[in-house]
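Examination of the molecular architecture
Take a look at the letters that make up each chain.
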Amino acid sequence: MASKSKLSRTRNIGIVAHIDAGKTTVSERILFYTGISYKMGEVHDGEAVMDWMPQEQERGITITSAVTTCTWHNHEIHLIDTPGHVDFTIEVERSLRVLDGVVVVFCAVGGVEPQSETVWHQADKYGVPKVAFINKMDRVGASYAGTIRMMKERFNSLPLPIQIPSGEGELFRGVVDLIRQQLITWDDATKGLAYTYGEIPDEILPQATEQRDRMLAILADVDDAIAEKYLDGVEISTDEIIAAIRKATISLKVVPIMCGSALRNRGVQPVLDAVVHFLPSPEEIPPVKGLNPLTKREEIRESNDRAPLAALAFKIMQDEGRKLTYLRIYSGRLHAGDELYNASRKKREKIARLLKMHANKRERVEQAGAGDIIAVMGLKDITTGDTICDEAHPILLEPIEFYEPVISLAIEAKTPADQEKLTTALGKLMEEDPTLRVKYEDETAQTVISGMGELHLEIITDRLLREFNARVNVGKPRVVHRETIQKRVESEGLFERELGEKKHFGHAKLILEPQDRGCGIAVVRELKEGTVIPEDFLTAMEDGIREGLLSGVVGGYPVIDIRVVIRGGMLKEGESSALGSKIAAAAAFRDGCLKADPVLLEPIMLVDVIAPTEFMGDVIGDINARRGEIQAITPKGLVSEIKARVPLKAMFGYSTDLRSATQGRALFTMQFFTYDKT
């Protein structure tokens with residue numbers, strides 16, 4: 001029973017938001033108030049505990065998700081602070097994959113910003129319950145009601161305000177707790193450590209009463225027990241309200257909303273209360289599902305220590321040259337020194353030590369159980385998304401989806417000694433970051449690294465020098481293209497040659513058809529009536545076509561959005577071979593591409609700019625000059641939001657141009673949308 005109660009008192013949560021909404025500041029306050037750190041680190045001073053990388057401290061942004069453990073009201077909270085910048089979306093994605101709940105932070109001035117939409121939808125994709133914290137209530141232009149209105153418009157979740165602010169902007173004093181019907185104020189002298197519950201002032205009492213009634217009405221819609229009491233006019237107790245909100249939050253029916261100002265040390269403790277009260281423990285989430293690699297049947301693992309071990313490696317880091325693997329344990333127990341089975345690689349591994357992480361500080365532990373997020377040393381052949389399990393009860397958990405890179409950069413080592421360091425360093429960085437791709441080009445003797453955006457590649461090149469002492473020359477960023485065809489063609493390929501004293505013959509007839517953007521690749525068999533081709537020859541033809549798809553005829557880029565139909569081919573007694581069929585199909589595919597009006601496609605980005613209204617003309621003019629297509633313009637008080645689609649090639653250096661055009665007052669984010677004609 002003891003382990004069950006420990007599990008029910010565990011919370012695995014993440015803090016997610018748009019860049020600059022104040023996630024890391026919220027995390028720092030949580031560490032301070034839970035007693036993990038004795039001094040508050042400030043992001044703008046480069047001293048935040050969670051932003052421990054030098055690149056994070058210099059830029060004042062979060063790049064990697066930091067994991068830490070703290071306790072609040074006898075509950076153990078594993079907290080992951082994630083990046084807000086779109087170039088590091090994978091960090092958010094893989095964190096959400098292993099978390100049971102998230103705190104989404106919004107800026108009260110900016111409202112629902114582009115990246116907050118992305119992270120919200122990522123959380124929806126994994127069915128992760130959310131609580132929202134509207135931060136920066138002390139800023140001029142802060143609007144609690146306005147942000148909630150935007151949430152209703154943008155998301156299909158139901159916002160449930162459980163607090164209202166006492167004053168906004170410079171008048172922000174504290175928050176009204178609608179559940180307990182009290183005003184919470186914080187003591188500035190103790191940096192917000194001391195806070196008091198008091199009477200609600202008369203001037204906001206009518207608003208608080210009205211908002212509480214609205215909160216109960218929303219709850220009554222999703223909870224029958226509350227509905228009964230609400231309709232009968234019976235007083236509903238605090239405990240009943242908390243229990244109903246918890247149930248509705250975990251079942252994804254509502255999102256409790258709170259407010260405050262993390263920088264002014266107001267409003268953070270109620271967020272911790274909400275994490276404990278409303279977000280699920282590992283026991284309350286559905287059991288994890290996976291595939292038994294032996295029987296190919298789906299199996300589940302209940303979240304308890306007695307079940308067979310199942311854990312997912314969701315992040316890998318280099319720690320002073322050694323590999324550190326972060327695991328989320330779904331079921332079973334781990335002990336230092338255990339031998340484990342990596343079901344994804346079919347290999348045995350041995351744990352050297354187990355570490356409980358506090359950002360980049362650590363504490364050695366001897367064992368860890370279901371529900372824990374733990375760092376492990378000693379695993380050699382593991383990569384992100386691998387499943388670690390009990391070899392007697394193997395299971396393969398669903399791996400983590402990764403994004404395709406859209407931008408590449410040529411780098412070359414300055415000296416032969418640097419080349420050696422570069423190879424090692426890139427190998428280690430690729431283990432850490434699944435969105436980083438590396439390719440060596442023989443013709444130019446350059447190494448090409450590809451990633452999610454300019455900032456992503458800038459951080460990688462910075463880390464090569466600082467962490468691995470590998471000095472490199474950096475070329476200009478280049479766009480990663482794709483190719484496709486524009487008309488339907490029929491083609492055939494013939495191969496007839498003697499190889500190693502054996503005659504090989506192959507013949508293939510294909511039809512190539514263009515598909516709509518985003519439809520992907522289809523290789524199908526539609527043999528003409530009466531045609532009989534052995535299965536191994538057909539498989540060889542498919543292999544030849546798939547190899548051809550990797551390198552198109554325009555610029556050698558991968559071919560997308562195409563349907564290839566195998567129609568048949570001639571056979572020669574004693575000479576036809578699988579190898580011949582493969583080469584013939586590859587030749588037919590290449591020949592067909594040349595005849596089918598091939599075209600180069602470039603990545604088109606979704607660009608979201610938030611700029612003061614007076615600069616709108618300049619911003620729109622600049623987007624048009626970059627071959628951009630304006631999709632929507634939405635006024636939001638003093639600022640306006642512009643959504644546009646712009647070719648990535650035209651977006652290099654955009655942040656500098658935007659800053660100079662708007663006196664540094666505009667923000668923008670961009671993410672990959674599709675490939676289209678150049």
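The preceding data block contains the structure.
Let me sum up the structure you'll find in this document.

Bringing helix H9 (residues 238–250) into the picture now. If you check H9, its first and last C-alpha atoms are 18 Å apart, about what 13 residues at 1.5 Å a residue would give, namely 18 Å. In the stretch just after H9, Leu252 is the one whose phi turns positive, near 65°.

Ile77, Phe106 and Ile134 are the most contacted members of the largest nonpolar core, which has 102 residues in total. Ignoring any residue separated from it by four or fewer positions in sequence, one finds Ile77 in contact with Arg11, Ile13, Thr68, Thr69, Cys70, Trp72, Leu272, Val275 and Val276.

Tracing the chain through its elements places Ile449 in strand E27 (residues 446–451). Measuring from C-alpha to C-alpha, the distance between Ile449 and Ser408 comes to 5.4 Å, with 41 residues separating the pair along the chain. Those residues in contact with Ile449, other than ones at most four positions away along the chain, are Ile407, Ser408, Leu409, Ile411, Leu426, Leu436, Arg437, Val438, Leu457, Ile460 and Thr461.

Nonpolar side chains collect at one region of the surface, where Leu499, Leu579 and Ile583 lie side by side and expose about 200 Å² of accessible area between them. Secondary-structure assignment places Ile583 in helix H14 (residues 578–595).

Time to look at the sheet that holds strand E13 (residues 298–301). Reading across the sheet, the 3 strands line up as E13-E12-E24 and stay open at both edges, with antiparallel pairing between neighbours. Strands with a single pairing partner mark the edges of an open sheet, and in this sheet they are E13 and strand E24 (396–397). Alignment of strand E12 (residues 288–291) against E13, held across 4 bridges, turns out to be antiparallel. Across the sheet, the residue bridging to Val288 is Arg301, located in E13.

With mixed pairing, the 4 strands of this open sheet are ordered in space as E30-E31-E33-E32. Each end of this open sheet is capped by a strand with a single partner; those strands are strand E30 (489–499) and strand E32 (521–525). For this sheet, the mean angle separating the axes of adjacent strands, direction not counted, is 25°. On the sheet, helix H13 (residues 535–549) packs against strand E31 (502–514), E32 and strand E33 (562–568) and is oriented at approximately 160° with respect to E32. Packing against the sheet, H14 makes contact with E30, E31 and E33, and its axis sits at approximately 35° to E31.

Criteria and cut-off values
Residues numbered from 1 in each chain as written. Predicted model: local features only at pLDDT ≥ 70, side-chain atom pairs only at ≥ 80, totals over all residues. Heavy atoms only, no water. Helix = DSSP H or I, 4+ residues; strand = E, 2+ residues; numbered from the N terminus. Expected span 1.5 Å × (residues − 1). Core = buried A, V, L, I, M, F, W, Y, C linked by side-chain atoms within 4.5 Å. Buried < 20%, exposed > 50% of the residue type's maximum accessible area, 1.4 Å probe, protein only. Contact = heavy atoms within 4.5 Å. Patch = residues over 30% accessible without salt bridge, like charges linked within 9 Å, V, L, I, M, F, W, Y side chains within 5 Å. Areas by Shrake-Rupley, 256 points an atom, 1.4 Å probe, with all protein chains shown as cover. Salt bridge = Lys/Arg side-chain N within 4 Å of Asp/Glu carboxyl O. Pairing = 2+ DSSP bridges. Axes fitted to C-alpha atoms, helices over the stretch in contact; angles between N-to-C directions.

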